[in-house]
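Secondary and tertiary structure notes
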Amino acid sequence: MIGIIGGTGVYEIVTLGNEIEKRVLKTPYGNSPEISLFKLHDKNIVFMPRHAKEHSYPPHMINYRANIYAMKKLGVERILATNAVGSLERSVTPGDFIIPHDFIDFTKLRNGSFYDDKTVHIDVTEPYCNELRRIIKSSGDVIDGGVYVCTEGPRFETPAEIHMFHMLGGTIVGMTGIPEAVLARELEMCYASICTVSNYAASISPNNLTIDEVFEIMDRKKHELVKLMDTTISKISEERSCYCKGALTCAEI
Ligand code: HPA
């Protein structure tokens with residue numbers, strides 16, 4: 001089972017498959033958004049809109065634990081996520097796809113773990129699945145690697161914050177990538193993200209930021225993004241030979 005966590009534009013991948021079934025899953029953390037189950041390239045796919053229907057949950061209000069737990073409950077082993085991001089570097093331009101290899105977490109208020117009543121320290125030396133990243137890279141025109149800075153949102157960043165993130169080694173900035181990647185690792189699921197650069201970050205952009213420019217780029221890139229995901233899915237093999245599948249070994253006290 002392969003999971004896709006997506007937002008605007010990516011919904012169209014559902015229409016590439018067949019036998020769509022829709023479901024809402026109950027989890028100990030609350031209900032999942034309505035998910036779609038379908039087959040693509042003879043593989044079972046689950047599609048979950050991260051923000052639920054009509055973008056009802058802003059980034060800081062998304063129930064990340066319910067979303068990831070629901071994926072696990074359905075038997076998902078690998079998650080392909082899509083995220084809109086701002087660019088911290090002039091060479092990474094709006095419209096580019098970039099596959100982060102690391103992250104810096106500047107979120108503040110999110111439930112970032114499934115393990116609140118026992119001590120589990122998962123390793124995130126390689127926070128994104130290397131195997132999945134390799135498959136995505138071989139499936140289209142993407143930038144290989146970058147550091148994803150996750151902010152709490154929902155506001156965009158100040159120029160001073162963007163300056164600091166860049167000095168710290170950040171490449172792109174978004175509001176939804178964390179704790180998703182960490183929660184997937186905590187349940188031993190592979191996770192990789194295809195980030196679409198929707199704008200230059202605040203103060204790198206010559207203009208004030210608007211949500212319209214974000215949506216405009218996402219809309220313009222959606223066919224290419226769906227194609228990239230489709231090709232990636234076609235290449236995913238049954239067996240996993242990555243670190244993620246045994247992430248809890250040696251993590252529990
Ligand atoms: N900042 C944070 N999140 C974003 C941005 C941004 O510039 N663009 C798209 N998501």
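It should be noted that the structure appears before, not after, this text.
By convention here, each chain's residues receive numbers from 1 onward along its written sequence. In keeping with the predicted nature of the model, local features appear solely for residues at pLDDT of at least 70, side-chain atom pairs appear and are counted solely at 80 or more, and the whole-chain, interface and lining totals rest on all residues. The side-chain figures draw on all heavy atoms in the structure; neither hydrogens nor water molecules are used.

All right, on to the nonpolar core then. Generally speaking, soluble globular proteins have nonpolar side chains that are buried together. With 38 residues, the main nonpolar core has Ile68, Met71, Ile79, Tyr148 and Met189 as its most contacted residues. Secondary structure follows DSSP: runs of H or I at least 4 residues long count as helices, runs of E at least 2 residues long count as strands, and numbering of each begins at the N terminus. Counting only elements with at least two residues in this core, the list comes to β5 (35–40), β6 (43–49), α1 (64–73), β7 (78–87), β11 (147–151), α4 (180–186) and β13 (190–200). In what follows, residue pairs with any heavy atoms lying within 4.5 Å of each other are defined as contacts. When near neighbours in sequence (up to four residues on either side) are disregarded, methionine 189 contacts Ile68, Met71, Lys72, Val76, Glu77, Ile79, Ala184, Arg240 and Cys244. Take the buried Ala, Val, Leu, Ile, Met, Phe, Trp, Tyr and Cys residues and link them wherever side-chain atoms come within 4.5 Å; each set so joined is a nonpolar core. Whether a residue is buried, partly exposed or exposed follows from its accessible area with a 1.4 Å probe, protein chains only, as a fraction of its type maximum: under 20%, in between, or over 50%, in that order.

Right, let's talk about the site of the ligand for a bit. We call a residue near a molecule or strand as soon as one heavy atom of that residue lies within 4 Å of the molecule or strand. All residues adjacent to the ligand are Ala84, Val85, Gly86, Phe156, Glu157, Val173, Gly174, Met175, Ser198, Asn199 and Leu209. Between N or O atoms, a polar contact is any pair within 3.5 Å; within protein, one atom must be a potential hydrogen donor and the other a potential acceptor, and residues adjacent in sequence are included only when both atoms are from side chains. Within the backbone of alanine 84, one N or O atom sits 3.3 Å away from a nitrogen atom of the ligand. Relative to its unbound accessible area of 260 Å², the ligand is 95% covered by the protein chains. When residues of the shell around the ligand are traced back to their parent elements, those giving at least two are β7, β12 (172–174) and β13. We call Asp, Glu, Lys and Arg charged. Ala, Val, Leu, Ile, Met, Phe, Trp, Tyr, Cys and Pro are nonpolar, and the rest, Gly among them, are polar. When grouped by side-chain class, the residues that make up the shell around the ligand number six nonpolar, four polar and one charged. Using a 1.4 Å probe, the Shrake-Rupley method yields the accessible areas, and only the shown protein chains count as cover for residues.

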